[in-house]
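Structural overview
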Amino acid sequence: MKFIRYGKYTGEPADAIDLEELIKHLGDFFLQSGFESQYYGVSQMDPERSMEALREAILRALQEGDLLPENAMSEELRKMLQDPAALNSQAVKDLLDKITERLANEGFINPQQPPQVTPPPQTSARGQLGQPQGRQTEARFEITDKTIDFLGFKTLQDLLGSLGRSSFGRHDTRDLSTGVESGGVSRHYEFGDTLNMDISATLFNAVRREGAKVPIEMTYSDLMVHQCEYQSSCATVVLLDCSHSMILYGEDRFTPAKRVAMALSHLIRTQYPGDTLSLVLFHDSAEEVPLSELARVQVGPYYTNTREGLRMAQRILLRQKKDMRQIVMITDGKPSALTLEDGRIYKNAFGLDPFVVGQTLEEVNKCKRAGILINTFMLASDYSLVHFVQKITEMCRGKAYFTTPYTLGQYLLMDYMSRKTKQIH
């Protein structure tokens, strides 16, 4: 008699990996800002990544983290992963291919196959010519909006965890208005108020006027409504320095700044739906970048045209019909460039050029006259910059934070969420 022995199916090692944890480990690779280009020759302005580079990044994540459960891989596979020449192993290659296939199937990456060019056959009377070799083009991929949104959420989660408990809400002011959430004493109804009726106070007015009888006759003057705290809306422009100094001096300052901007975007979208957030990059010049492209941007040219960034931020904010308008400027250097009236760019990277500083402060003064608040987050503590940043703060009555890439997120989110805004009339 024939017997069939069944064993427990343990699955493939690639299926046991938590892809969200893997994406978290790959965050720095996906958000790379050109920092490694100084050492590895990666193109600074090319946001694309090769599939081979992705496999290497996944292998590093597997070697450094506990992404694979102990019972999901054999002792032989574990030794292969720790081998410096692991990429030469066919088993490891198969594992990495299956993981990248899962990432693509679940929408975290979008693989892009290289174009295939087939030359036409060439023949002659003397015989057939050999086919010319086609140019080898590396397969590439791009991260999807799902990955960008997930990285923003995880960054926000980590930052809020380090801040302790925080109660979300809207931006509170000293004013009171009528609304659904009651937060103050009742008052008489006025035309245009939200009809959030205070039933007890309304009935009491009617009884006091007409006496206790049935039916109770109410008039317009008896109507009382609850008051709630007036919740204002805010338009914010993140003014992000992407000059070359953000990745110099042995430290990547641009990638942490991108992470914080992504976390702020996720916070506003989920907790402050009435607010707006825009992104402006400034370097030799300035340009507005869609928030959906934030994770893909990299460092730009060398100089810092702060005035042009402020100009563009003003144009964006003045189009917004919001109670509050503010600029969040993240930078690590002094202004060193100006766009002249004829379109030429004046540059001076040596010290604080009085001409550049004067024109930049004039633009700050325009922000003040337009009622735009400027909060500056300085990722450097150079003594020569302290006075300049303090001058900006005094002119616009904003705040200045001298911080590091590691504490930037805590300062920025605390400032955004705990701000008690000015009284609005």
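You'll find the structure just up there.
Below or above, wherever it landed, is the structure these notes cover.

The rules behind these values
Residues numbered from 1 in each chain as written. Predicted model: local features only at pLDDT ≥ 70, side-chain atom pairs only at ≥ 80, totals over all residues. Heavy atoms only, no water. Helix = DSSP H or I, 4+ residues; strand = E, 2+ residues; numbered from the N terminus. Buried < 20%, exposed > 50% of the residue type's maximum accessible area, 1.4 Å probe, protein only. Contact = heavy atoms within 4.5 Å. 1 Å grid on protein atoms, 1.4 Å probe; cavity = no way out; pocket = protein on both sides within 12 Å on 5 of 7 lines; lining within 4 Å. Points joined across faces, edges and corners; volume = space filled by probe spheres on them. Nonpolar A, V, L, I, M, F, W, Y, C, P; charged D, E, K, R; others polar. Pairing = 2+ DSSP bridges. Right-handed = clockwise from strand over helix to strand, strands pointing away. Salt bridge = Lys/Arg side-chain N within 4 Å of Asp/Glu carboxyl O. Axes fitted to C-alpha atoms, helices over the stretch in contact; angles between N-to-C directions. Parallel < 35°, antiparallel > 145°, perpendicular 65-115°, else oblique. Core = buried A, V, L, I, M, F, W, Y, C linked by side-chain atoms within 4.5 Å.

The number of helices and strands found in the chain is 13 helices and 16 strands. When the 425 residues of the chain are sorted by exposure, 45% land in the buried category. Looking at the chain alone, contacts between residues at least 24 apart form 75% of all its contacts between residues at least 6 apart.

Moving on, we come to empty space enclosed by the protein. Inspection of every chain in the model, using the stated rule, returns one cavity of 30 Å³ or more. In this model, the largest cavity occupies a volume close to 40 Å³. Taken together, Thr 306, Met 329, Thr 331, Gly 333, Pro 335, Thr 376, Met 378, Phe 388, Val 389 and Ile 392 form the lining of the largest cavity. Elements with a contribution of two residues or more to the lining of the largest cavity: β12 (324-331), β15 (373-378) and α12 (383-396). In terms of residue count, the dominant contributor to the lining of the largest cavity is α12 (three residues). By residue class, the composition of the lining of the largest cavity is six nonpolar, four polar and no charged.

Of all seven residues in strand β10 (residues 276-282), six are buried, a share of seventy percent or more. The pairing of strand β9 (residues 234-241) with β10 spans seven bridges and is classified as parallel. By the bridge assignment for β10, Val 238 is matched with Leu 279. For the crossover from β9 across helix α9 (residues 254-271) to β10, the handedness is right-handed. Relative to strand β11 (residues 286-289), β10 is paired through four bridges, and the arrangement is antiparallel. Following the sheet pairing, Leu 279 is matched in β11 by Val 289. Between the antiparallel neighbours β10 and β11 lie three residues.

One pass over the full model with this rule turns up 15 salt bridges. One salt bridge connects Lys 213 with Glu 210, and the closest N-O pair in it is separated by 3.7 Å. Exposure remark for Lys 213: the relative accessible area of 39% places this residue in the partly exposed category. When its relative accessible area of 33% is taken as the criterion, Glu 210 is described as partly exposed. Across the salt bridge formed by Arg 296 and Glu 293, the nearest N and O atoms sit 3.4 Å from each other. With a relative accessible area of 33%, Glu 293 lands in the partly exposed category. Each of the salt bridges in this network shares a partner with another, and the network as a whole consists of Arg 209, Glu 210, Lys 213 and Asp 222.

Running from N to C, helix α4 (residues 51-64) and helix α6 (residues 90-105) point in directions that differ by 105°, and their axes come no closer than 10 Å. Comparing their axes, α6 and α4 come out roughly perpendicular. Facing Met 51, Leu 54, Arg 55, Ile 58, Leu 59 and Leu 62 of α4, the residues of α6 in contact are Val 92, Leu 95, Leu 96, Asp 97, Ile 99, Thr 100 and Leu 103. For the contact of α4 with α6, the per-class residue count stands at 10 nonpolar, one polar and two charged.

What links the strands of a sheet is backbone hydrogen bonding, and the strands pair in either a parallel or an antiparallel sense. Sheet architecture is open: six strands sit in the order β11-β10-β9-β12-β15-β16, paired in mixed fashion. Each of the sheet's edge strands pairs with one partner strand only, and the pair in question is β11 and β16 (400-402). For this sheet the average axis-to-axis angle between neighbouring strands, irrespective of direction, equals 20°.

If you look at the biggest cluster of nonpolar residues, it comprises 66 residues, and the most contacted ones within it are Leu 22, Phe 30, Leu 54, Ile 58, Leu 62, Leu 264 and Ile 330. Here this core takes nine residues from α9, the largest share from any one element. Here Leu 264 is in contact with Val 238, Leu 277, Leu 412, Leu 413 and Tyr 416, once residues within four sequence places are set aside. Val 280, Leu 310, Ile 327 and Ile 374 belong to the second largest nonpolar core, which has 26 residues in total.

One can find Thr 360 in helix α11 (residues 354-369). Residue classification places Thr 360 among the buried residues on the basis of a relative accessible area of 1%. Sequence separation between Thr 360 and Pro 335 is 25 residues; the distance between their C-alpha atoms is 7.7 Å. The contacts of Thr 360, once residues within four sequence positions are left out, are Thr 306, Arg 307, Leu 310, Pro 335, Leu 338 and Phe 388.

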